[in-house]
Amino acid sequence: MNLNLNMLMKRIQVDFVKWLVAVLLLCFISMEMYALECEGTYKIGNLYYMLYDDMTAKVRDNQYGGGQAEYVSGKVIIPPTVEHDGVTYTVTGINSEAFANCTELEAVDIPRTVKIIDERAFQNCVGLSELFIPNTLEEIRNQAFVGCTGLKKLFFEDGEQRCRLESASPFEGCSLDEMYIGRSLGFSFGGGAHSVTIGKYVTYLDISFDPHVKMSRVNIEDLESWCKIEFRNQNSNPCYYGAELYFNGEKMTHFAIPNTITEIKDYAFYGSCITSVEIPSSVCSIGFQAFAFSDLTSVEMPNSVTDIHWLSFAYCDKMKSLKLSNSLTTINNQSFLGCTSLMSAVIPSSVKEIGEEAFYRCNALTSVTIGANVEYIGNLAFGGNKKIEEVYCEAPVPPYCYGKDDIHIRPIDDIHNQPFDDIIYASATLYVPEIKLETYESADPWMNFWNIEGRMFDSVTNVDSDRVEVSVSDGALHVLGASEGARIEVFSMTGVLLYSGGDTVIPIDGHGIFIVRVDGSVYKVMI
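Our subject in this report is the structure included herewith. (Residues numbered from 1 in each chain as written. Predicted model: local features only at pLDDT ≥ 70, side-chain atom pairs only at ≥ 80, totals over all residues. Heavy atoms only, no water.)

### Regarding the overall build of the chain
Looking only at helices and strands, one finds four helices and 46 strands in the chain. Residues classed as buried in the chain amount to 48% of the 527 residues present. In the chain, the proportion of contacts linking residues at least 24 apart, taken out of those at least 6 apart, comes to 43%. (Helix = DSSP H or I, 4+ residues; strand = E, 2+ residues; numbered from the N terminus. Buried < 20%, exposed > 50% of the residue type's maximum accessible area, 1.4 Å probe, protein only. Contact = heavy atoms within 4.5 Å.)

### Details of the sheet that holds strand β30 (residues 330-331)
Pairing within the open sheet is parallel, and its three strands lie in the order β30-β32-β34. Looking at strand neighbours, the two that pair on one side only are β30 and β34 (376-377), the edges of this open sheet. Pairing analysis gives two bridges linking strand β32 (residues 353-354) to β34, with the strands arranged parallel. Within β34, the position partnered with I354 by the bridge is I377. (Pairing = 2+ DSSP bridges.)

### Some points on the state of the cysteines
In this structure the tally under the stated criterion is zero disulfides. This cysteine, C102, is not joined by any disulfide, and C125 carries the nearest cysteine sulfur, 5.3 Å off. Summary of cysteine pairing: C148 is not part of a disulfide, and the nearest cysteine sulfur, belonging to C125, is at 5.1 Å. (Disulfide = S-S within 2.5 Å.)

### Here's the deal with the nonpolar core
In this structure, F99, M179 and F382 are the most contacted members of the largest nonpolar core, which totals 130 residues. With residues up to four places along the chain from it excluded, the contact list for F99 reads L47, V59, V72, V76, I78, I94, L105, A121, F122, Q123 and C125. Core analysis: the second largest hydrophobic core is formed by 16 residues, V479, V490, V516 and V518 among them. (Core = buried A, V, L, I, M, F, W, Y, C linked by side-chain atoms within 4.5 Å.)

### Side note on the pattern of salt bridges
Scanning the model with the defined rule gives 15 salt bridges in all. With its nearest N and O atoms 3.2 Å apart, the salt bridge here joins E97 to R120. Within this pair, whereas E97 is found in the loop between β6 (87-94) and β7 (105-109), its partner R120 is found in the loop between β8 (116-117) and β9 (130-133), the two being separated by 23 residues in sequence. By relative accessible area, E97 is classed as partly exposed at 30%. For K318, the salt bridge is made with D317, and the minimal N-O distance between the two is 3.9 Å. For K318, a relative accessible area of 40% corresponds to the partly exposed category. (Salt bridge = Lys/Arg side-chain N within 4 Å of Asp/Glu carboxyl O.)

### Considering the pairing of strand β38 (residues 429-433)
Among the five residues in β38, five count as buried, and that is most of the element. Relative to β38, strand β35 (residues 390-393) is paired through three bridges, and the arrangement is parallel. Looking at the pairing, Y392 lines up with Y431 of β38. Sheet topology note: the β38/strand β39 (residues 451-455) ladder contains five bridges and is parallel. Among the inter-strand pairings, L430 is bridged to a residue of β39, identified as I452.

### Here we look at unusual backbone geometry
The residue after D444, namely P445, is reached through a cis peptide bond having omega 5°. Relative to the helices and strands, P445 resides in the loop between α4 (437-441) and β39. Even without glycine at this site, Y315 takes up a positive phi of about 60°. Relative to the elements of secondary structure, Y315 occurs in the loop between β28 (307-308) and β29 (321-323). Exposure remark for Y315: the relative accessible area of 37% places this residue in the partly exposed category. Not every positive phi belongs to a glycine, and Q334 is a case in point at roughly 60°. Mapped onto the elements, Q334 comes out in the loop between β30 and β31 (344-346). The partly exposed category is assigned to Q334, whose relative accessible area is 22%.

### Overview of the sheet that holds strand β33 (residues 367-370)
Strand order in the open sheet made by the five strands is β31-β33-β35-β38-β39, with parallel pairing throughout. Across the chains shown, the open sheet's two edge strands, defined by having one partner strand only, are β31 and β39. The average undirected angle you get between the axes of adjacent strands in this sheet is 15°. Here β33 runs beside β35; their pairing, made up of four bridges, is parallel. Following the sheet pairing, I370 is matched in β35 by C393. (Axes fitted to C-alpha atoms, helices over the stretch in contact; angles between N-to-C directions.)

Okay, here's the thing in structure tokens:
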């Protein structure tokens, strides 16, 4: 028993000695590391630097030096290199709090060798009024310029390299008069700016400003470059903050999109002051919220547009007229939500699906025309509109109005869509293909209309004529005089699309009257 106790005590003593040695060793290593850090910190000129073995240096806290606070003042020029004991070091960074609380600092020159400005590096430098950020700087960290309330001009030099700024508002508390963005940025700005200029090298913006600072203008240097910017969200577009667009010093109300552009990016004109836009035939796609909350009064899409995303024109409350592309197959959910001045909606025959709330709360809407090939209409597609008087549905088969499973994209019969408000079924008149009147009178929800009338449809527009000539020969339609690349569509008298393409000789099976549409002009022929 005593033997075992003695052995246990000896083991405890050995373990304690080992533990004590380990603790002392760690303390020694820590002291050595601290000593090395101190030995690597030197005052060169009027600034302190951390010097590293890889021949780089970083500006460090000027309060380091035996507890003596040494605040810099006036203009500080940070050199690209410093020398110590005959060795040259490249200055690559500005460390945390390097100039914090230097209230008399008025200007600082940052060399192109600096890659990182660390957190709170210039905190509360209230005398700093202008700042130039070279295009070689890669990163600005959290709250680097927080509290710089005197900063009025900020210039990000032109460049193709993106500058990353951490999300904790590096410019919080700043209220700029002018800001120039010459390259792509990714950060939460934190402060505000009254005027912002976007340079031609900017391709990406992930930036948010203080909404309490009124932004009055956004200056564009290049129209094509603006159209190519990828905005991360609506907050990243300076127009979101109520700013007006300017180009070459003049306020823009009309925007002519260059014909080199094939897609209008997400948020491209979100909240902008433009009242009209010219969309060239090169454009195929209009992005998410591309024109949402803008001041557009009219929109005319070329037939090259095949896709419009959700909310693309949502809340354009000044829009009175709309001409959709004849190449669209889908009108996505809420595409024209809240266009409260729009009086009529004409869905072209190319469209097969109208999404949920596509024209929801277009309060001035009095007339709706649904094209001949529409197969599905989402819930409340035309809901929230109490003034609709006429609904023209040209489809020979009543469009399906039941719900869809968003996961499997398949109809669910037990979810019943209502494309219109209940009051519309009682107050509006539904016009359908004459030979399909009975079909509509027994199809849900179309049967809910109190007033249903049959009529002959000449496709989606009235028959007219111009320079194009349509003739019949050997059981085929011949289209003469159409412009190169013209879109040609052939419909039956009931509105069924029989052909769509660019051929000028179109074989037709059967006999009867046919409607031919060539780039918007419509002709009636008999075979």
